[in-house]
There are 2 protein chains.
Amino acid sequence: MEPKKRTEIATLGQFGLIDRLTKDFPQQHSSTLLGVGDDAAVILPQADETMLCTTDSFFEGVDFDLTYFPLKHLGYKVVTAGVSDILAMNARPSQITVSLGVSAKIPVEALQDLYEGISFACKEQEIDLVGGDTRASMTGLVITVTVLGHAPKERITYRSGARLHDLICITGNLGAAYMGLQLLEREKRVLSDVKNPEPQFKGYEYLLEKYLKPRPRTDIIEALAEEKIQPTSMIDLSDGLASDLMQICKSSKCGARIYLDRIPIAQQTTALADEMHTDPVIAALNGGEDYELLFTVPLAMQEQVMRLGLVDVIGHITAESTGAYLVTPDGQDIKLKAQGFPEEA
Amino acid sequence: MEPKKRTEIATLGQFGLIDRLTKDFPQQHSSTLLGVGDDAAVILPQADETMLCTTDSFFEGVDFDLTYFPLKHLGYKVVTAGVSDILAMNARPSQITVSLGVSAKIPVEALQDLYEGISFACKEQEIDLVGGDTRASMTGLVITVTVLGHAPKERITYRSGARLHDLICITGNLGAAYMGLQLLEREKRVLSDVKNPEPQFKGYEYLLEKYLKPRPRTDIIEALAEEKIQPTSMIDLSDGLASDLMQICKSSKCGARIYLDRIPIAQQTTALADEMHTDPVIAALNGGEDYELLFTVPLAMQEQVMRLGLVDVIGHITAESTGAYLVTPDGQDIKLKAQGFPEEA
């Protein structure tokens, strides 16, 4: 994992380190008046627009395992996670801050890899790195990103706007990131005693990419705007379909029925689940980290939404009293449960 | 440190925990359209104003020691640190996000203490808690705060605006927080083997308060606005006078001369330094965490600044080529060095 050249962080000092890491970040967004280099960043809001702000943290050993997570990809992924929260409000990202806690065991070159991934993602999303700090951590790597975004007030889509009979829409496919993680964990276990491990990933490259380098669905937000589709509610799929759909139900005070045979699952996800004797639907419902979007639209918009060619309709919104259910092909109703989330009455 | 009642975090779950911690946060700032509870917070910028954004992280064992740092005070202090960065731009804070990494050993009641301190500081500063997340950490407590603020564009004060002959001004006094930390560390060392330790803090209460519960200098920003004084440059004193003044010099491409006998040092700081056989000036120059403000104004504003009654003029800006010096009462020039900061040529 570690590159050959090894510069100790201590040789640069805190400020030298930040200078080194942030030198390759061009200013791209017109609203950024001042990025890094002062006590705070300065942003000129777009006329008549609201600003959005979201924060996410990632802890080594909990959220990622550096034995198989390349730092470049990790940098890319933390940007995706933050950007995805802004997209889920039907808004556009514009700035990001990145705070690091690093242990002395991490060399400068490794942090440069991390920042290369962050830089790549920032360029792709046309957002500016405008701040952050780098501190010593007693243990592993800790990354906190804050992403700022903007949108006209009337465009913002909350979790709370789903209404009775609205269609429940999903982008992409679900469970792939979770199965990618299972694959990496399996190879780590199997090869833990092997000297020059050669993990077997053939045929599952898509799953690895979905877990290690997920792309935020900026294309969806653009397509919705182009087609003048205003979702009634939206959330990004970071905790798994069940948990995230229940968040919509909780905020919108509604129930939901989704149909198992309509949940989009990639062929590689099913293949690996079969190989590992697990159920791909469980991966889709509880896996998380797909960074796809879950949103609702009025029933009358069905045709318009289908025309996008990017979305699957997997169910509809029901009355709050009926709860949230998964309907199996043979007509069984299974009550949805969110892991780590107190079930609604 | 730990309260008697002990609720494990696992019994609440991530979402239940966030609900519990954030229930006592009223929405106070008119620009907050939506706080916690969705993918991102929504903020309506003040008309014709810029927005500011700053991030700070605090790691247990590096930035604070929970054996003597009460969690309520820690909550207060992390807000101060973030708010202070916004004030240092001559701007006002309006929103904050708080991300936590917590190990399972920390009970819910301890986090409630932390949030009580955060809440108290937010009410005092009239800012809104609008987001954050709470994640498992493999080790100690990690706190990251992001503070948003606002100011008219023409009011913003950068580090880069200091000009030749400008006066260098300091609020409050320096080195007190550092000596407070030395006192706490000494008592911890002395009492490490004692069963019911009774640390001796008498006569040094001010030093403890400056270290454990520093107040952001919002009053200064208000006084400057009232007196229509626009500083040419400003920074908050978080890394120590030497390091922070050299940041101004670096950004403004200038030198500086400050006079040792004009550096404001509190009586308790001098007394404890004497007792511990250290130099109070070293505490003032390199101590940090005072969260006072360092700013420059044109020479012509001397009288106006002195009228505030809140500020000491400790020196003036010189040409870049002359460097940054501390002048002793007997006329010696000592070149300033910033700890952990690569010295300028």
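Residues numbered from 1 in each chain as written. Chains lettered and ligands numbered in written order. Predicted model: local features only at pLDDT ≥ 70, side-chain atom pairs only at ≥ 80, totals over all residues.

Trainee: Looking at this model, I keep getting lost on the overall build of chain A. Mind explaining?
Mentor: On a plain count of helices and strands, chain A comes out with 10 helices and 14 strands. Taking 345 residues into account, the globule formula puts the C-alpha radius of gyration at 20 Å, and chain A, at 21 Å, falls close to it. By its C-alpha atoms, chain A is 65 × 60 × 35 Å across when sized along the principal axes. Counting over 345 residues, chain A shows a buried share of 53%. For chain A, contacts bridging at least 24 residues in sequence account for 86% of all contacts bridging at least 6. (Helix = DSSP H or I, 4+ residues; strand = E, 2+ residues; numbered from the N terminus. Rg over C-alpha atoms; globule rule 2.2 N^0.38 Å. Buried ≥ 20, exposed ≤ 12 C-beta atoms within 10 Å, placed from the backbone. Contact = placed C-beta atoms within 7 Å.)

Trainee: When you look at the confidence of the model for chain A in this model, what are you seeing that I'm missing?
Mentor: Regions with low pLDDT should not have their predicted coordinates read in detail. Predicted confidence across chain A gives a mean pLDDT of 91, with 97% of residues reaching 70 or more. On the interface metric, ipTM, the complex scores 0.90, and its pTM is 0.92. (pLDDT = per-residue confidence, 0-100.)

Trainee: Explanation requested: helix α2 (residues 71-87) of chain B in the structure shown.
Mentor: One turn of the α-helix equals 3.6 residues, which is why residues spaced by three or four share an orientation. Between its first and last C-alpha atoms α2(B) spans 24 Å; for 17 residues at 1.5 Å apiece the expected length is 24 Å, and the two agree. Counting buried positions along α2(B) yields 17 of 17 residues, so the element is predominantly enclosed. (Expected span 1.5 Å × (residues − 1).)

Trainee: Explain helix α7 (residues 241-252) of chain B to me, please; I cannot follow it from the model alone.
Mentor: Residue and element names in this part refer to chain B. Along its 12 residues, α7 runs 16 Å from first to last C-alpha, staying within 8% of the 16 Å computed at 1.5 Å per residue. Most of α7 sits out of view: 10 of its 12 residues are buried. Of the residues making up α7, those classed as buried are L241, A242, S243, D244, L245, M246, Q247, I248, C249 and S252. Here the buried face of α7 lies against β9 (233-237), β10 (255-259), α9 (280-286), β11 (292-297) and β13 (324-327). A positive backbone phi angle near 50° is found at K253, which sits one or two residues after α7.

Trainee: I would appreciate a short explanation of the environment of D39(A) in the present structure.
Mentor: Along the polypeptide, D39(A) turns up in the loop between β1 (32-34) and β2 (41-43). For the pair D39(A) and G131(A), spaced 92 residues apart in sequence, the C-alpha to C-alpha distance is 9.0 Å. If sequence neighbours within four positions are ignored, D39(A) has contacts with T54(B), D85(B), A88(B), M89(B), I235(B) and D236(B).

Trainee: Is there a simple way to think about the interface of chain A and chain B in this case?
Mentor: Where interface size is quoted, it is often the accessible area lost as the parts come together. Each partner contributes residues to the interface: chain A has 55 residues there, and chain B has 55 residues. Top element by residues in the side of chain A that touches chain B is strand β3 (residues 49-59) of chain A. It accounts for 9 residues. Note that β3(A) and strand β2 (residues 41-43) of chain B share 3 bridges and pair antiparallel. The residue of β2(B) that forms the bridge with L52(A) is V42(B). (Pairing = 2+ DSSP bridges.)

Trainee: Explain the nonpolar core here, please?
Mentor: Among the nonpolar cores identified, the biggest contains 210 residues, and L52(A), L245(A), L52(B), L245(B) and L294(B) are the most heavily contacted of them. Beyond its immediate chain neighbours, meaning those up to four positions away, L245(A) contacts A256(A), I258(A), L294(A), A324(A) and L336(A). (Core = buried A, V, L, I, M, F, W, Y, C linked by C-beta atoms within 7 Å.)

Trainee: Is there a simple way to think about the sheet that holds β10(B) in this case?
Mentor: Pairing between the strands of a sheet comes from backbone hydrogen bonds, and it takes one of two forms, parallel or antiparallel. Residue and element names in this part refer to chain B. The strand order across the open sheet formed by 7 strands is β9-β11-β8-β12-β10-β13-β14, and the pairing between neighbours is mixed. The sheet terminates laterally at β9 and β14 (333-335), the two strands that pair on one side only. Across the sheet, the mean angle from the axis of one strand to that of its neighbour is 25°, orientation sign disregarded. (Axes fitted to C-alpha atoms, helices over the stretch in contact; angles between N-to-C directions.)

Trainee: It is not clear to me how the relation of the copies chain A and chain B should be interpreted in this structure. Could you clarify?
Mentor: One chain copy maps onto the other through a rotation about an axis and a shift parallel to that axis. When chain A is fitted to chain B, the best match, at an RMSD of 0.0 Å, comes from turning it 180° and sliding it 0.0 Å along the axis. Such a combination of turn and shift is consistent with a two-fold rotation axis. Interface residue correspondence from chain A to chain B reaches 100%, placing this contact among same-surface, isologous pairings. (Least-squares fit on C-alpha atoms with pLDDT ≥ 70 in both.)

Trainee: What am I meant to see in the domain arrangement of chain A here?
Mentor: Residue and element names in this part refer to chain A. For chain A, the domain assignment lists domain 1 (9-155) and domain 2 (159-335). Each of domain 1 and domain 2 has a C-alpha centre, and these two points are 26 Å apart. Taken residue by residue, the interface counts 16 residues in domain 1 and 17 residues in domain 2. Here the side of domain 1 that touches domain 2 takes 9 residues from helix α2 (residues 71-87), the largest share from any one element. (Domains from an automatic or database assignment.)

Trainee: Quick question: what am I supposed to make of the packing of helix α4 (residues 176-190) of chain A against helix α8 (residues 267-275) of chain A here?
Mentor: Packed helices, taken two at a time, are described by the angle between their axes plus the distance between the axes. Residues and elements named next belong to chain A. With their axes 9 Å apart at the nearest point, α4 and α8 run at an angle of 40° to one another. One way to sum up the angle between α4 and α8 is to call them oblique. Where α4 crosses over α8, the handedness of that crossing is left-handed. Residue-level inspection shows A176, M179 and L183 of α4 in contact with α8, the latter providing Q268, T269, L272 and A273. For the contact of α4 with α8, the residue count by class is 5 nonpolar, 2 polar and no charged. (Parallel < 35°, antiparallel > 145°, perpendicular 65-115°, else oblique. Left-handed = near helix turned anticlockwise from the far one by under 90°. Nonpolar A, V, L, I, M, F, W, Y, C, P; charged D, E, K, R; others polar.)

Trainee: Explain the packing of helix α1 (residues 13-22) of chain A against helix α3 (residues 108-125) of chain A to me, please; I cannot follow it from the model alone.
Mentor: Residue and element names in this part refer to chain A. Contact pair α1 / α3: the axes reach a minimum separation of 9 Å and the direction vectors enclose 40°. By the angle between their axes, α1 is oblique relative to α3. In this structure, α1 crosses over α3, and the sense of that crossing is right-handed. Seen from α1, the contacting residues are L17, R20 and L21; seen from α3, they are V108, L111, Q112 and Y115. Along the lines of polarity and charge, the residues of the contact of α1 with α3 split into 5 nonpolar, 1 polar and 1 charged.

Trainee: How should I be thinking about the pairing of strand β7 (residues 142-152) of chain B in this particular structure?
Mentor: In the case of a regular strand, side chains alternate between the two sheet surfaces. Residues and elements named next belong to chain B. Most of β7 sits out of view: 10 of its 11 residues are buried. As defined by bridge partners, strand β3 (residues 49-59) adjoins β7 across 11 bridges and the pair is classed as antiparallel. Across the sheet, the residue bridging to S57 is T144, located in β7. In this sheet, β7 lies alongside strand β4 (residues 92-102) in antiparallel orientation, the contact comprising 9 bridges. Considered in β7, the bridge of S99 is made with T144.

Trainee: Mind showing me how you'd approach the sheet that holds strand β12 (residues 311-318) of chain A here?
Mentor: Residue and element names in this part refer to chain A. A sheet is described by the order of its strands in space; here 7 strands give the open sequence β9-β11-β8-β12-β10-β13-β14, paired in mixed fashion. The strands lining the two open edges of the sheet, one partner per strand, are β9 (233-237) and β14 (333-335). Pairwise comparison of adjacent strand axes, ignoring direction, gives a mean angle of 25° for this sheet.

Trainee: Would you explain unusual backbone geometry in this entry?
Mentor: With glycine set apart, most residues show a phi of negative sign, and most peptide bonds adopt trans. Residue and element names in this part refer to chain A. The phi dihedral of K253 falls on the positive side, at around 50°, and the residue is not glycine. Structurally, the position occupied by K253 is in the loop between α7 (241-252) and β10 (255-259). Although it is not a glycine, H277 sits at a positive phi angle of roughly 55°. Checked against the element boundaries, H277 lands in the loop between α8 and α9 (280-286).

Trainee: How do you make sense of the environment of Y206(B) when you look at a structure like this?
Mentor: All names here are of chain B. Looking at where Y206 falls in the secondary structure, it is placed in helix α5 (residues 205-212). Classification of Y206 as partly exposed rests on a count of 16 C-beta atoms within 10 Å. In the structure, Y206 is positioned 135 residues away from L71 in sequence and 19 Å away in space, judged by C-alpha atoms. Sequence-distant contacts of Y206, defined by excluding residues within four places in its chain, comprise A176, A266 and Q268.

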